[in-house]
Amino acid sequence: MENLSPFRSVGLIGRGVLLETLRRREIYVLLIFAAVFLSGVLVVRVVGIPNPETGTFILNLGLMLALTAAHVLTILTAARQIPFELENRTIYPVLAKPITRSEYIFGKWWACTAAGALVLFVLGAIAWMSVPKLEAYSFAMLIQTVVAGVLSLGTVAAVALLGSVLIPQAMNIVLTALVVWFGHSFTGFVVTRVAGGPLEAPTRWLTAYLPNFNKLNLVTRYTDGIGPLPPGEFLAMIVYVTIIFGACFASSALVFRRRML
Amino acid sequence: MIESKPVIEVKDLVVDYGRGKKTQRAVKGITFEVREGECIGFIGANGAGKSTTMKTLMGFLFPSSGSATLFGRDARDKESRRRIGYLPEVALYYPFMKARELLELYGGLSGLSKSELRRRIPPLLEKVGLAGKGEVLLRNFSKGMQQRVGIAQAIIAEPELLIFDELSSGLDPVGRHDLRNVLVELKDAGRTIFFSSHELTEVEALCDRVVMIHRGEIVTEATVDELMKPLNVYEITFHLPDGSRIPDAVRGHGVKTDGHLHTLTITDVEEYSQAVSELAAAGVSIQNTSSKAQSLEDYFIDLVQSRERETAS
């Protein structure tokens, strides 16, 4: 018997998640969704795209939908992993094998991210190929948009996995979705309300720890024909995501290691 | 004789559920060990603390005090888990996986290479009675088939120690028979087996030793022979004419008298033979001899009921 490397155990745990994703109904819902979108785009192309603004609008809509669908799938997949395993007791034979609980969570994380990324690539590619491109579109910016999208999926998977070891599944899905789509607006609103008062500083301090998913959405920047982010700014984004991921992963691993099963 | 090494060591183990006023003590300071090559039955009524003890051994629950170790290490240590196979109580397996994929996952996590897995899986499925079911999704498996695949995942890496919680749960008589053959094979191969079961005939037939737990405390720990010996009861009924006395040689045994009929009750087979000879030598007319063999199940039920009566009073 070989000594199992952590990479192999993490890979095997993740493979299970990917098999589950491919064999569940959600993926078919997304495929139908993609087919409907593609049909719509084809109709528009047959009728004709009257001006570049319409093309830009359709591309923006398509990429935004792809990003949203990928986030929805990632949240749903990540949020149900541990509760499902606990409820069905499938977790016991897995954790009876020579793997650590941290490796188990890491395996779940990469696979949830990969499942979301796959949806992003497929739906994004459909949207991207369906619309004529303006000359202003930058290929480097497209790469940055995709990388930022995947980083965002990784972060959301880490947030949802952390939520899954702390709170009930339904609450976790709702809260994670709120953080992803409304976190930025909510923190902005709260900070505005307390501005000038004694609570401003602590509120700003607290809200700074909420991951800002708006920063990771570069779709509109790409479709507006704006150039790529400077390398320093892009690197800072990667560091920002790494810190959030590290904090979420470390917290969930710590909580899960101490949890009685 | 070289004494075998302890594989499982449980010392003064206490496990509590909940906190503060809601704390419930599931295991109350138990101590026992399982040695290399032994087959031990861990028996007790529902809620006695069997699964809690096993889950603590596996590192799923944490001791409130005391310790539970496997191969001298904490159960959460990867090294100790590399050497064990575990079947959980009432487990379901990933419904979206095929039986082959599931065994590839668990075998892979145990460190088996892909080529080794390809070699081992078909005969293993055959051994547990699932030949030809490798490509069937587990969502289509019955409870008994799930239990069989559970046994397969526990033994796929040929571990030194097997821990089975509710071994024959969900299995029909044929399944239990097949499983018994698998266990005999594993036992003969020198594996250490520690299992809980409500099928006490299975425990009686397979185990070297039995550990009985009741309300979180160990109430009996003995070899099956030690336990079964006093459960065999021999009775000799004889007739004494008026004025005769019971021969001195048999007076030491319990004698019940009903008019001219006397009944001796003996638990040891040799003492029984001796008593028959002595009565015959004394010219006593023996009316009847009988033997009653109590089962482990009878013993267990008596024990649990008497403990419950003690608790109630």
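Residues numbered from 1 in each chain as written. Chains lettered and ligands numbered in written order. Predicted model: local features only at pLDDT ≥ 70, side-chain atom pairs only at ≥ 80, totals over all residues. Heavy atoms only, no water.

### Some details on the overall build of chain B
In step 1: A tally of regular secondary structure across chain B gives 10 helices and 14 strands.
In step 2: Against the 2.2 N^0.38 benchmark of 20 Å for 313 residues, chain B shows a C-alpha radius of gyration of 25 Å, more extended than a compact globule.
In step 3: Viewed in the frame of its principal axes, chain B has a C-alpha envelope of about 85 × 50 × 45 Å.
In step 4: The 313 residues of chain B split such that 49% are buried.
In step 5: Sequence-distant contacts, at least 24 apart, represent 67% of the contacts inside chain B between residues at least 6 apart. (Helix = DSSP H or I, 4+ residues; strand = E, 2+ residues; numbered from the N terminus. Rg over C-alpha atoms; globule rule 2.2 N^0.38 Å. Buried < 20%, exposed > 50% of the residue type's maximum accessible area, 1.4 Å probe, protein only. Contact = heavy atoms within 4.5 Å.)

### Observations regarding the pattern of salt bridges
If charged atoms from side chains of opposite charge come close, those side chains can pair.
All names here are of chain B.
In step 1: Per the stated rule, a full pass over the model turns up 26 salt bridges over all chains.
In step 2: For glutamate 135, the salt bridge goes to arginine 100, with nearest N and O atoms at 2.5 Å. Taken as a pair, glutamate 135 in the loop between helix 4 (114-127) and helix 5 (143-155) and arginine 100 in helix 3 (residues 99-109) lie far apart in primary sequence, 35 residues in all.
In step 3: Using a relative accessible area of 25% as the deciding quantity, one classes arginine 100 as partly exposed.
In step 4: Residue glutamate 199 is joined to arginine 176 by a salt bridge in which the shortest nitrogen-to-oxygen separation is 3.9 Å. (Salt bridge = Lys/Arg side-chain N within 4 Å of Asp/Glu carboxyl O.)

### Side note on the pairing of strand 11 (residues 232-239) of chain B
Residues and elements named next belong to chain B.
In step 1: Two elements, strand 11 and strand 14 (residues 285-293), share eight bridges in a ladder whose sense is antiparallel. Residue phenylalanine 238 lies in a different strand from strand 14, and its bridge partner there is isoleucine 286.
In step 2: Strand direction decides the pairing type here: strand 11 and strand 13 (residues 261-266), joined by six bridges, are antiparallel. Looking at the pairing, histidine 239 lines up with leucine 261 of strand 13. (Pairing = 2+ DSSP bridges.)

### Focus: the state of the cysteines
In step 1: For the structure on display, the rule yields zero disulfides over all chains.
In step 2: Cysteine Cys112(A) remains unbridged, with the sulfur of Cys248(A) as its closest cysteine sulfur at 13 Å. (Disulfide = S-S within 2.5 Å.)

### A closer look at the domain arrangement of chain B
As a measure of interface size, the accessible area lost when the parts come together is often cited.
In step 1: Looking at chain B, the domain boundaries give domain 1 (6-227) and domain 2 (229-293).
In step 2: The C-alpha-based centres of domain 1 of chain B and domain 2 of chain B are spaced at 46 Å. (Domains from an automatic or database assignment.)

### Some points on the environment of Ser80(B)
All names here are of chain B.
In step 1: Examined against the element boundaries, serine 80 turns out to sit in helix 2 (residues 78-81).
In step 2: By relative accessible area, serine 80 is classed as buried at 0%.
In step 3: The spacing of serine 80 and glutamine 305 is 225 residues in sequence and 38 Å in space, taken between C-alpha atoms.
In step 4: In this structure, serine 80 is in contact with Leu70, Phe71, Arg73, Asp74 and Ala75, ignoring residues within four places of it in sequence.

### Brief notes about the interface of chain A and chain B
In step 1: At the junction of the two partners, chain A supplies 34 residues and chain B supplies 41 residues.
In step 2: For the chain A and chain B pair, buried surface summed over both sides reaches about 3,400 Å², with 59% attributable to carbon and sulfur atoms.
In step 3: Two residues, Glu103(A) and Lys78(B), come together in a salt bridge whose shortest N-O distance is 2.9 Å.
In step 4: At the boundary of chain A and chain B, one finds 14 residue pairs in polar contact (both at pLDDT 80 or more).
In step 5: Within the residue set of the side of chain A that touches chain B, elements represented by two or more residues are helix 1 (6-23), helix 3 (52-87), helix 4 (91-95) and helix 5 (101-130) of chain A. (Buried area = accessible area lost by both parts, 1.4 Å probe. Polar contact = N/O pair within 3.5 Å; in protein donor to acceptor, adjacent residues only side chain to side chain.)

### Focus on the side chain of Thr192(B)
In step 1: Tracing the backbone shows Thr192(B) in strand 8 (residues 192-196).
In step 2: Aside from chain neighbours lying at most four places away, what touches Thr192(B) is Val7(B), Val34(B), Arg35(B), Glu36(B), Gly37(B), Glu38(B), Glu160(B), Leu161(B) and Leu162(B).

### What about helix 2 (residues 25-47) of chain A?
Residue and element names in this part refer to chain A.
In step 1: Its 23 residues give helix 2 an end-to-end C-alpha distance of 33 Å, which sits within 8% of 33 Å, the value for a rise of 1.5 Å per residue.
In step 2: Along helix 2, the residues classified as buried are Ile27, Leu30, Ala34, Phe37 and Val41.
In step 3: Close packing links the buried residues of helix 2 with helix 1, helix 3 and helix 5.
In step 4: Just beyond helix 2, the residue with positive phi is glycine 48, at close to 110°. (Expected span 1.5 Å × (residues − 1).)

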